[in-house]
Structures are given as structure tokens and as C-alpha cells.
Amino acid sequence: MTAEVIRGNSERSALATIRQGLSLTPEFRKGLVVTLLLAVVATIGKIIVPIAVQQTIDTGLRTGTPDTAYITGAILVCAGAVLLTAAAGYVMNVRLYKATESSLATLRVRGFRHVHDLSVLTQNTERRGALVSRVTNDIDQISTFMQWGGLMIIVAFGQLFVATVLMFVYSWQLTLLVWLCFIPLMIALPRFQKLLSRAYTAVRERTGDMLAAISESVVGATVIRAYASERRTAERVDQAVDANRRAQTRAQTIVGFVFPLTEIVAAVAIAGIVLMGVRLGLSGDISQGELVAFLFLITLFVSPLQTATEVLNEAQNAVAGWRRVLGVIDTPPDVADPGDRGVELPRGPISVAFEDVHFSYPGGVPVLREVTLEIPPRSRVAVVGETGSGKTTFAKLLTRLMDPGAGRVTVDGHDLRRIRFSSLRERIVMVPQDGFLFDGTLEENIRYGKPSATTGEIRLAMTELGLTDWLEGLPGGLDTAVGQRGESLSAGERQLVALARAYLADPDLLLLDEATSAVDPATEVRLARALEGVTRGRTAISIAHRLSTAENADEVLVFDGGRLVQRGHHSELVGRPGVYADLHASWISAAHS
Amino acid sequence: MASKVTSAVMRQGLRVLGVAIRAEKVVFALAVLASAVYGGMTVASAWALGWATQNVVLPAFGEGRAVAGALWTGTFLIFGTALLKALGVAGRRILAGILQYRMQARSRRDVTKQYLRLPLSWHHRHPTGQLLSNAGADAEAAWAPLAPLPMAVGVIVMLVTAAVAMVFTDLVLALVGFLIFPAIAVLNLVYQRKLSPLATRAQQLRAEVSEIAHESFDGALVVKTLGREDLETERFQRRAHELRDANIAVGRVRGLFDPMLEALPTIGVLAVLAVGSARLSGGSIDSGDLVEVAYLFTLLAFPIRALGWVLAELPRSVVGWGRVQAVLDATGSMEYGQAAPASSAPARLEVRDVSYSYGEAEVLHEVTFDVPAGRTVALVGPTGSGKSTLVQLLVRLVDPGRGQVLLDGVDVRELAHGRIAESVALVPQQTFLFDDTVRGNIALGLDAGDEDVRAALRLAQADGFVGRLADGLDTRVGERGTSLSGGQRQRIALARAVVRRPRLLILDDATSSVDPQVEAKILYGLRDAAEASTVVVVAYRMATIALADEVVYLDHGRVVDRGPHDELIRRCAGYRNLVTAYEREEAERAAIDVPAGEEEEVSA
């Protein structure tokens, strides 16, 4: 089979990305036209000052004595317009924030859910941090762009447009001159942006390296001290910190040079306006107020162009962010929930069958071949084999964490692929080897198996599993905080909690994948006995790493090289030459040597 | 937590800035100089425009003639001031960057040095995530105000110059400026005070959303196997919606203040035009003056906000700096002596009356035992009996509360730094690999030849899979060795220890993720090769224990008994109970299931 790889690097064009992104965010599209109109009104505010200057000089001051009444009137009108545009700006901003934040929150949650819906294999094609980015940083980048960069683009275009229109009204010759000055800069800006984008990418990479290097000094604290490699580690960190600093400085230097270029171009334009304007004035083509207004209008060109590289950069990041977020949402879950169309299994003992099942990891050799077997309800089955024999793959197929490449797995006669997830997960529970716990108390973690469980039920479960002694030995009992990923507990203790959690879920089929491998022998034996009692009447499958599990099973499944090579009761298998007898011999020798 | 711009935060913030200024005097001085040029030239450019209006434009329109000399002077003034201003801007930005990034790098280096210097007991008390953000986000936040700082200083220069220029131009127009600009400054201050708690909260929520996603995706397998996707989504959604609301709250404040900050200078220019026209008619000023002042208002409107930016970053900076400083101020480093263990023979280890506590709880009580040179001793005990703590004491990762650990008769506290590592190699329970090559991880700074490394890999039963790796010894193992399985990582860690030919080898349940068959091979190999080592091994498995000359049985932090395995099995009930748990179980079963079980299992 082939696992879906999470998409989202560059296979989609920017335009298609944005179009699809918008189609997924109805909250953003709603009322967008009104918001844009308000943005236009707010932008018009920018040309009030040049108009006021021109009117004051040309009309108010044309004659020797200023026309105070006219000036006062004009100024009041302008002031009113300023207030109006400011109000439009306020309403536009609030609408924009509401629309973008609502739509992105929806998208964020949707992406999060989808990551969980992807198969284990697909999830593992990407580092955890990268997956997290898709519902955090990537979304944040889009939001920053929509609220600042995207708005800047609209404002910039609006500003340049209204300024140009007004300039044209005053003098087409000078308008042409201004544009001639700025066009080379506009052509050069995307190039600068590319340079800058590369520099920022380098910063991101160096920052990642640096944080990884620093984390070694914390996570590897024990090894570093035991091997006295403090100096070596410090050197590695220093190098990474320095490389990061150099990358940051380089990016800042590029910004530092590009940013003021606009000022210089603007000065050239202003000087040009004065030189040419005076000539035009002499021939009567332009009034003095219009000429002065031009000087003010130039300032409207400066800020859009100054921020253009940053805005373009943000736009690029936002599109990349969109791509990554949409990439997740577009990746079809290759182990899909049939949902309402699926079969609902009634409660009760479970039987399992594998029919000529094959499996290989994407691009890899087959890890499971021609596996055919049936497990009757209420049976206790042990699965044994060396590392890499296919035991864990068997478990993952049985719990439908993966689907077989060929053949089928059935539960109570139903193909696993047709069973509704809610039903499947309720009835079949696997306890993986690595007992992952959530940051919280012991009780919260156990309750995760059955959210409606009362504290009494949880205590009862612990008693049934024979874990009361251990629980009472803990400083806070059920209220003991387990720390991030359960790291305040030992590996063995984490496994105990994970087992209790699964047991509380009360499944009809419990599958243990070396679930007590890190527990001390005395406890493990106690636990095994307790489990035997509590799983009576259910189907129990254990991937075993020790002899007694196999001995106690109704049936042993022996895997070797991806095939089911032997099956039967321990007593039959042990006497026959074969994989099981060899395994058994090595267990015995390991235990008694 | 400080999130508001209060006067206390201001004071603290300025103190933090003072630290940076003192540390990077030259860069800061140059940045301020560049920014002052920028500030001065901004005012000068307005003046140049006013001059050109008065001396070039107006004569041209008024008298219908262009004065060539004045025309070129005007052009030169406009262009010259702009060029200087641009240089000022470039210098200001680049130097501010150098200043900020140098300080960040400095904090990060200092913090990491502390991490490496402080004892392990300090690390035990601080969560990993917190230490990482101290070196990452906190160091960044502490120096964030350095970016806008030179600009803010330049703006002050700009404002003073502008004030002087306006006063000289016309007192009444200057008065308009004195009303408008303080108003902008106050508005900005109010803005930042309102914004900064909201922004801090949004930032906090962003971190929480990310934390939930991290934890939830890390536990994806558990979520899947228990079918808790809905529950997780709900948990994530709650926080995501809080973040949405927090961001909208930020947006409301921004939406309100940004347009006001833009409108206020515009109103100022309009006021200048109104007042200026009146002054013009009175003959107090000329048109050039009016244009100059109006232009000045336009130019000053934006930069004046830089003062607000510095203020906005101060609360975050104060918090970040506080956290960085807490790490730098942490005391309790390990003191080392001068002694060096002279011997090159297998080491002799003595543990005398050692007690150790985590906080209030004493986890080791008067532990005493010794390991003669060249012998192998197994530390056995149930989960939580104090074995791993004891192991940390043996290699002096922590020091005992009472009692002493002697290596070849010398208290380990008297040995010079690095001397223990030369003699003793520990393979801890939790394997840790560096993001380096297989070779780098094994050598770890030791000058080991390829042959030595390969021999060590063979001993650790790791030569097979390492040989199959794409680049062999030069394969990078990825961050924390993620490209390898747990058992493979353990074997690399084991090779790291044996390549040093340690005089004392300590294995803390170091083969738990390795197949029993492979483990057996490793242990036999170690025994055969270990003539040159003394070995202390923490274990549950019989095969491991069987290799030991002597067993020290620990329970609840006390040595319950010690002696050869055979003796302990006979006389120590707790020990017997623990190590024969599997066998007893099998035996009992055999007794019950006689009809089914045909073979008989005899406990050792």
C-alpha cells in the first residue's frame, strides 16, 4: 500500500491556492465588498491635505489679502472629511479583524481535526513540529498578512491611484515625470524581495538549528555531564547561535539598504517637479498651489514603496502558509472512517479473521505476507516473533491503524473498512508499548479511556488491575501530576497508567503491544494475573516478549519474516522443531544462564 | 506578569535597555548618531522644500522668472538632505539590527553556558520546555525594544530640531505644533497601554494553542486507538476560539487608534493652513514658511509613533529579561577538586553511608556497599527503589546529602572536572543521542580511530545495522536520534561507553529496548571484553544478573541485602520474590495445568 504524503509544497499556483483558500472560508468572504469599499473611503483621506494646500494657496492666497472666509470654509470641509475617513477606517478595521479571525479559527480547527483523521502512516511522513506548524504558525502568517500586508496592498494601490488621479488633474506632464522616477524602483522591488526572502529563509533555518542545538544542552544534560562534554556542547551551541546572528544581521542589512532607496527616488522626483514645475508655471500650465500640492502628493508614493518588499514577502509567506494548511486539508485520509454508512457492531465477544493479508510500507519490502488466520471470540492469543517479524504490523492492521495492501481483515464477519470508527474504537483498544500520557493528573489520564467515568470507577479499575499498592505509594495518589508526556513518571509507571486507561475503556478486544515491557517483573506478573481475570469473556491479544505470556495463551501465533509460520498451543509448538522452539530455547537460556 | 506600560515597567525596561547600551556602547552610539542624522535631515528636508517654495516657486509664478542660481541651489538642497536622510535610515536600521542580534546571541550563549554549568539537580527542578523558551523566546523578547530604540532617539532629535525650527519660523505656528505633537504622543501612549495587555494575552493564547496541538499530535496514537478525535478537537477548538476573540479584541483597539493617529497630524496640517493663512495676511510669515511647517507636520506624523513602539515592547522585554536573568543568577554549581585518579587498572568503588533527598523526600538511606576492582556488581530492586538515583551519585551527576562515594579511595568530590568521565562511563536509562553522525555520537569528542569505533559497535551488537545505514558511520542520526529505533539508539549509547575502555562501566537498565537474544550476546561480549573494567549494572533480567559476581538488593532506598545471587536467593525473601517472579509464575502454572502443560519448568 502507499500512504498518502501530506501535500503542500509547491504543486499549486498562488492564485489557485488563494481561490481555494477563500472558498474554504465563507466567514471571510461574507461582507468583503463592504469592507473593501470602506477601505477605499479610508484611503481617500490621504489626499485631503494636498487638496487643502492647493486650495489655500491658489484660491485663498491668490490675491494679496487672504480670503479668510473661503479658507476657513475649505478647512472645515476638509476636517469633516478627515473625521469621516477615520470613522470608515475604524469600521473597516474591526470588520476585517472579525472576518479574518473567525474564518482562520474555523480553518485552524478544521486542519487540526484533519491531522487526527489522517492515518498513522501519513502522520509519520512529517515531523510533529511541522504538523503543528500547519495549524499554528502557518495560520498566523495568513492572519498577519490579511490584517496588515493584504490591507497594505489595497491601501497602497488605492493611495497610488487617487494620488495619480489628482496629479493628473493638476498636470499630466508632472504626473508622467513622477511615474518615470518611480517605475524603475517598482521594477526592482520584486528582485529585492527575492533577495530578502532568501535571507529570511536562511534566518528561519538557522534559528531552527540554533534551538535544536540549545535543546541538546537541556535534554542531554545527563549524558553531557557523564561524559564531561560540556565544552564540546558549548562550542556547538556557540556556532549555531552565531550562525543565526549572522543570518539575522544579513537580512536586516538588506532591509536597511532597500528601505531608504524610496526616499532617494522621492527626492529625485521632488527636485524634478521643482525644476520642471517652474518651467510649466512660466508657460501658465500649472498654478503655484498645484505645484506645491505635488510636493505633498509625492509623500503618498513613499510609504507603499517603502513597505513593498515587506508586504511582498509577507504575501509570499501567506501563500506558502495557505498551501501548507490546504495541503493538510486536501490530503485524503487513506484509512477513512465509513461514518454513517458504516456498520455498527453490537457489544459482545469479538472474533477476528485475516484473509490472505499482505502489507508493505510505502516504497518498502513486504512486512506481512499471506497471513490468514482466525481468532475465535473470548480467546487469549499470544503473538511472538523476533524484532521485525511483523508482530506490530499485525497489531496495527487489526486495530485499523493501517489498511492491508491486499486481502482483508474482518471482525465478527465484517470487513474492518466497513465498520464505523466510533464503534470500532469503542470495542477494540490497543495499548501501545510507549505509554504516552497527557500533561495532567493520573486521574485525568486514566479517565481519557472513558470520559464519563467517576473517580469511584477509576479507583475500582485500579483495584481490579491490582495497582492499588502502587497508587498509594505515589505522593498525590490519583492527583499526582504526570508532567509533560508523562515524564514525571518512570517508563514502567507510564505503561501502568496507559494500561489502566485502556482497561477503563472497557473494550471487547484488548490488544497489548508489549504494553508492560518496562515494568518490574514482580509487578508485571501481578498485572498479568489481574488482566487474565478481568479480560475473561473478552478477546485478548498480547504481543509477547516473555515466555509466560505465550505459555498461558489459548493459542500462540508465531511470526517470522512477515509470515505466520506457526500457530497452536504452547505445549504443541514447543516440542516441534521450528521458530517457536528456537525462541523458547533462547528465552529459557536468557532466564537461566 | 507585567503586561501594562506602568511606570514601574518603564523604569525596569529602561534599566534593561541600559544594560544593552553599556554592553555595546560603540554600536549604540553609532546607531544613535545615524538616527540623529536621519532625524535632523527629516526636518532639514522640510526646510529645503520651504526654501525652494519661497525662493524658486513663488518668484517664478509671482514675477514670471526663474532664477537659475536659486533653482540649482534648491535642487541641491532637496537632493542633499534626502541623501543624508537615506544614509541615516540605512545606518540606523543596520546598526540597530547588529545591536539587537548581538545582545540576543550574548544572552543565548550565557544562558546555555549556565545550563551546562548548573548541576543536574537544578535541571530536575526546571521543566525542559521552560528552559528552552528561556534561551529562545525570552532572550528574543528581552532585546526586542533595541530594534526601534535608535529610531526613537532619532525621533526625539527630530522633534527638538522641528520645535526649534518652528519657533524660529513663527511662534504661533509653533504653538499649533506644540498642541498637536504632544497630543499624538499622549494618544500613542494610551494606545500602547490599552494594546499591550491584549497583545500579551493573544500571545499567551497562541502559545497555548500550539502546546495543545503539540501534545495532541504527539499522542496521536493514543487518540486514535481510543477514538478520542472529537474530544481533542473540542479541546483545541476551545482554545482556538479564545485566541480568535483575543485577536479580535486586539483588532478593535488597533482599529480605533490607528485611524486616529493618522487623522490627528492631518488635522494638524489643516490647522497650520488655517492659522498660517491668517499669519500670512498679517505679514508675519511668508508662503515658504507655511509650506515648510505644513510639510514638517506631514513628515513627522509617522516617525513619532516609534516612541510608542519602544514602549509597546517594554513589558515583554522586562518579563523576558527577568526570566533570562533568573537562569543567569542561579547558583549551586558543582565544585571540583584537583585530584586525578592515577591508576590505569580497573577501578575500585566504595559507597559509604550515602543518603539523598529530592526536596523533602529522602530516596536513599545510608546506602553502603563496595565494588572491588575488576568485579561486576548488579543493583537490583523494584521500580522506584532508588537505583537510578544511586547511579547518578556514582558518577557524580548529583552529590549525596550525607556520606561519600569513593573512586579508588578518593572522594569523587575531590576529583578535578572531567576526571570521572575519563575513568567511568555511564549508559543511562534514557538514551540521548546528539544530532550528529554515528561516529560523532560514539566518539563524543574522544580521539577514537575508526577501528576502535567499529570494535565498540561490534561489542554493542550494533555493527550490523550501522553497516546497513546509507552512510555507515557518517550517517546523521537526526535530532535526538529519531531516525533510529529505541533498541538501536541504546546500542549506539552502549558503544559510546565501551569505546572509552572505561575503568568502571555503569549500565542503568541500558539494554531494556533490545531483544533478549541480542541482549544476551551483548552481555557475554562485555563479560569477555571486560577484564579491564569494573562493572555496575542495574537490571531486572535474570540473564543480566547472572553475570554479576555480587548483587546489591535495594528496596525503598535501602540496601536490604548483598552477596552472590545464589546466597541472596536463599536468604532474602524480597529479592527472591522479585527476580524469580516469572519462574515462580511458570512453576505455579505448571502445577495447575499439568494436563495441558507437558513440560516442567524448574525455577532457578
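Residues numbered from 1 in each chain as written. Chains lettered and ligands numbered in written order. Predicted model: local features only at pLDDT ≥ 70, side-chain atom pairs only at ≥ 80, totals over all residues. Heavy atoms only, no water.

K.L.:
Looking at this structure, I do not really get the interface of chain B and chain A. What am I missing?
P.N.:
The partner chain A presents 149 residues to the 148 residues of chain B that form the contact. Contact with chain A buries surface across chain B, with Leu116(B), Phe217(B) and Lys224(B) losing the most and accounting together for 6% of the total. Counting every contact that joins chain B to chain A gives nine salt bridges. Residues Lys113(B) and Asp238(A) are paired through a salt bridge, measuring 3.4 Å at the closest nitrogen-oxygen approach. In this structure, the connection of chain B to chain A is made through 29 residue pairs in polar contact (both at pLDDT 80 or more). The element that contributes the greatest number of residues to the side of chain B that touches chain A is helix α9 (residues 229-282) of chain B, accounting for 31 residues. Of the residues assigned to the side of chain B that touches chain A, the class counts are 79 nonpolar, 33 polar and 36 charged. (Contact = heavy atoms within 4.5 Å. Buried area = accessible area lost by both parts, 1.4 Å probe. Salt bridge = Lys/Arg side-chain N within 4 Å of Asp/Glu carboxyl O. Polar contact = N/O pair within 3.5 Å; in protein donor to acceptor, adjacent residues only side chain to side chain. Helix = DSSP H or I, 4+ residues; strand = E, 2+ residues; numbered from the N terminus. Nonpolar A, V, L, I, M, F, W, Y, C, P; charged D, E, K, R; others polar.)

K.L.:
Please explain the domain arrangement of chain B as it appears in this structure.
P.N.:
The parts lose accessible area when they come together, and the size of an interface is often stated as this lost area. What the domain assignment lists for chain B is domain 1 (7-329) and domain 2 (349-582). If you average the C-alpha positions of domain 1 of chain B and of domain 2 of chain B, the two centres end up 56 Å apart. (Domains from an automatic or database assignment.)

K.L.:
What is the right way to read the UniProt feature "domain: ABC transporter" (unreviewed entry) in chain A from this model?
P.N.:
The sites that carry the UniProt feature "domain: ABC transporter" (unreviewed entry) are, in the present numbering, residues 352-586 of chain A. Along residues 352-586 of chain A, the helical share is 36% and the strand share 25%, with 30 Å between the first and last C-alpha atoms. (UniProt positions renumbered as here; feature names shortened; annotations may be inferred.)

K.L.:
I'm lost on helix α5 (residues 128-142) of chain B in this one. Help?
P.N.:
Since the α-helix turns once every 3.6 residues, residues separated by three or four places project in the same direction. The end-to-end C-alpha distance of α5(B), which contains 15 residues, comes to 20 Å, matching closely the 21 Å that a straight helix rising 1.5 Å per residue would cover. In α5(B), a bend of some 45 degrees at Asn134(B) exceeds every other bend along the element. Its buried side turned inward, α5(B) meets α9 (172-219) of chain A together with α1 (7-23), α3 (68-117), α4 (120-125) and α11 (306-329) of chain B. (Expected span 1.5 Å × (residues − 1). Bend = angle between axes of the 7 residues up to and from the residue.)

K.L.:
Help me understand the sheet that holds strand β7 (residues 509-513) of chain A, please; the structure alone is not making it clear to me.
P.N.:
Note on sheets: strands pair through backbone hydrogen bonds, and any given pair is parallel or antiparallel. All names here are of chain A. Reading across the sheet, the six strands line up as β6-β7-β8-β3-β9-β10 and stay open at both edges, with mixed pairing between neighbours. Because the sheet does not close on itself, it has two edges, and the strands there are β6 (428-431) and β10 (563-568). On average, each strand axis in the sheet is tilted by 15 degrees relative to the strand beside it, whichever way the strands run. The sheet contact formed by strand β3 (residues 380-384) and strand β9 (residues 555-560) spans four bridges and is parallel. Within β9, the residue paired with valine 381 across the bridge is glutamate 555. Of the strands in this sheet, β3, β6, β7, β8 (539-543) and β9 touch helix α14 (residues 391-398), which is tilted by about 150 degrees from β8. (Pairing = 2+ DSSP bridges. Axes fitted to C-alpha atoms, helices over the stretch in contact; angles between N-to-C directions.)

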